[in-house]
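An overview of the molecular structure
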Amino acid sequence: MRNSALLAAVAASLSLAGCAGHAAYGPDSEDRLDESVPSSESKPAADAAALIAIHCKDQEKGLAAQATETDETKKLKALGNIYISAKGNFSKLDEAAASQTDLLYGKEGDQIKANLEGCREVSAAAYSAFDRFTRELIDMPVVQEMKNKKMVNVPRVEFSILRKAIDKLEASDREVLLNKLTLVEPTLGKEL
């Protein structure tokens, strides 16, 4: 009888040991702890000083300068570059603020918040100016010039540059804008 009790105790302890480490019951406590703590190797932490250095003051100045630019090709390219740059800076600041909210409440927090808000405003203003100017060029993509004593249609801005601008805009009506250019393109250089 003693052997059977001993055998039952050994069998019970072995079955419990087998259940604890079995994968069907999920990871053990150490594995769960390791999974819940983010790894420092996965993504480097944003440095507050680096975030303070990200701002959109240069883009804001560039945007103001484009109000007086008369060369339409230069203006279109500049507005596109300003928009992409401001959008990139805003995205960097926004991602850092969302993933590491403690940075917003440190001693540099007010400056980071100001940079974030400034880039949000400049990015929106740059998109608006870029979108408005691109659509203006698409609505009236050609001008008439005198060549060899005859009037011909000439593009205000090269259509390849306009197509790149449309791609940068990422507008929901991208195909409509491209189709407008495609319809006008055969009239370039034709006598009127």
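Check the entry above for the structure.
The following paragraphs examine the structure supplied in this document. (Residues numbered from 1 in each chain as written. Predicted model: local features only at pLDDT ≥ 70, side-chain atom pairs only at ≥ 80, totals over all residues. Heavy atoms only, no water.)

Within the structure shown, the criterion is met by one disulfide. Each disulfide pairs two cysteine sulfurs, and for Cys56 the partner residue is Cys119, the sulfurs being separated by 2.1 Å. Because the sign of the S-S torsion sets the handedness, a value of about 105° for the bond joining Cys56 and Cys119 places this disulfide among the right-handed ones. One end of the pair, Cys56, is in the loop between helix H3 (48–53) and helix H4 (57–65); the other, Cys119, is in helix H6 (residues 109–139), with 63 residues separating them in the sequence. (Disulfide = S-S within 2.5 Å. Helix = DSSP H or I, 4+ residues; strand = E, 2+ residues; numbered from the N terminus.)

Considered for burial, the residues of helix H8 (residues 174–184) that qualify are Leu177, Leu178 and Leu181. End-on, the buried residues of H8 take up no more than an arc of 95°, which puts them together on one face. (Buried < 20%, exposed > 50% of the residue type's maximum accessible area, 1.4 Å probe, protein only. Arc of directions from axis to C-beta.)

The next point concerns the packing of aromatic side chains. Tallied over the full model, the rule gives two aromatic pairs. Three or more aromatic residues joined by ring pairs make a cluster, and in this case those are Tyr83, Tyr127 and Phe130. Residue placement shows Lys75 over the ring face of Phe133; its charged tip is 4.8 Å from the ring centre. (Phe/Tyr/Trp six-rings, centres within 6.5 Å; stacked < 30°, edge-to-face > 60°. Lys NZ or Arg CZ within 6 Å of the ring centre and 35° of its normal.)

Right, let's get into the pairing of strand E1 (residues 142–147). A regular strand carries its side chains on alternate faces of the sheet. Where E1 lies against strand E2 (residues 150–155), six bridges are found, and the strand directions are antiparallel. The residue bridging Val143 from the neighbouring strand is Val154, located in E2. (Pairing = 2+ DSSP bridges.)

Keep in mind these numbers describe shape, not what the thing actually does.
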